[in-house]
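# Breakdown of the fold
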Amino acid sequence: MPVMTITPDTKDWTWVLQRPCPECGFDTQAFPVEAVPGMIMASAAAWQEALAGPGDARTRPEPAKWSPLEYGCHVRDVFRLYDQRLELMLSQDDPLFPNWDQDETAVADRYAEQDPAEVAAALRQAASAIAGRFEGVTGAQWQRTGNRSDGASFTVETFARYFVHDPVHHLYDVTGRRAGPT
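We now turn to the structure provided with this report.

Rules of the game
Residues numbered from 1 in each chain as written. Predicted model: local features only at pLDDT ≥ 70, side-chain atom pairs only at ≥ 80, totals over all residues. Heavy atoms only, no water. Core = buried A, V, L, I, M, F, W, Y, C linked by side-chain atoms within 4.5 Å. Buried < 20%, exposed > 50% of the residue type's maximum accessible area, 1.4 Å probe, protein only. Helix = DSSP H or I, 4+ residues; strand = E, 2+ residues; numbered from the N terminus. Salt bridge = Lys/Arg side-chain N within 4 Å of Asp/Glu carboxyl O. Phe/Tyr/Trp six-rings, centres within 6.5 Å; stacked < 30°, edge-to-face > 60°. Lys NZ or Arg CZ within 6 Å of the ring centre and 35° of its normal. Polar contact = N/O pair within 3.5 Å; in protein donor to acceptor, adjacent residues only side chain to side chain. Contact = heavy atoms within 4.5 Å.

### Considering the nonpolar core
In terms of nonpolar packing, the biggest core is built from 52 residues, with Ile40, Phe79, Phe134 and Phe163 touching the most fellow members. Elements represented by at least two residues in this core include exactly helix H1 (36–52), helix H2 (68–91), helix H4 (116–135) and helix H5 (156–175). Sort the elements by how many residues they give to this core and H2 lands first, with eleven residues.

Structure below.
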């Protein structure tokens, strides 16, 4: 089987904090930040459906676009990574997040070869973990800070808004359905 490569995503997506995403329609400013845990769990439920079918979750719609399974693996890993980063923000002063290469991870972890049912279960578990951590955020904790190595700086609030766009956007990538009112 020929290797199908994906062009690495090198965009700086932090602009979604200033305006709605023209692709998926999600507006990171259109909801109270306290709604994030419920939005995470709603997204995880939608991902369960996307990974279950119809059709083979392993099939890429085109050679240079991830399959639903590959996107599901990515979203699972984003939930895990952002939970770690949120924990750093809540427990350390102004931490610098370790680098993460999503494209390298997809290859190294063989996203395309994973079992869709196992990915769906792990995605649901990771969503529950980060939703629970966000549920525990109160008061001044929303203003704690953290930084990426590329210079992007977040408060817990902007981090939550930036983060929640990712699973919604990738669900759009898989289903073609734009985000509804938040």
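### Comments concerning the pattern of salt bridges
Going through the model one piece at a time under the given rule, you end up with eight salt bridges. The salt bridge partner of Asp150 is Arg148, with a shortest N-O separation of 2.8 Å. Judged by its relative accessible area of 14%, Arg148 is buried. Look at the salt bridges and you will find they share partners, linking Arg76, Asp77 and Arg80 into a network.

### Let's talk about the packing of aromatic side chains
Scanning the model with the defined rule gives twelve aromatic pairs in all. Taking the centre distance of 6.1 Å and the plane angle of 80° together, the rings of Phe154 and Phe159 count as edge-to-face. By way of ring pairs, the aromatic residues Phe79, Tyr82, Phe97, Phe134, Trp142, Phe154, Phe159, Tyr162 and Phe163 are connected into one cluster. In this structure, Arg85 is placed above the aromatic ring of Tyr82, and the distance from its NZ or CZ to the ring centre is 5.6 Å. Over the aromatic face of Phe31 sits the side chain of Arg161, whose NZ or CZ is 4.9 Å from the ring centroid.

### Quick look at the side chain of Arg148
Looking at where Arg148 falls in the secondary structure, it is placed in the loop between strand E1 (145–147) and strand E2 (153–155). At 2.8 Å, the side chain of Arg148 forms a polar contact with the side chain of Asp150. In this structure the side chain of Arg148 is engaged in a polar contact, spanning 2.9 Å, whose partner is the side chain of Tyr162. Leave out the neighbours within four places in its chain, and Arg148 touches Asp12, Thr14, Arg85, Leu96, Phe97, Phe154 and Tyr162.

That is the geometry; function is a separate question.
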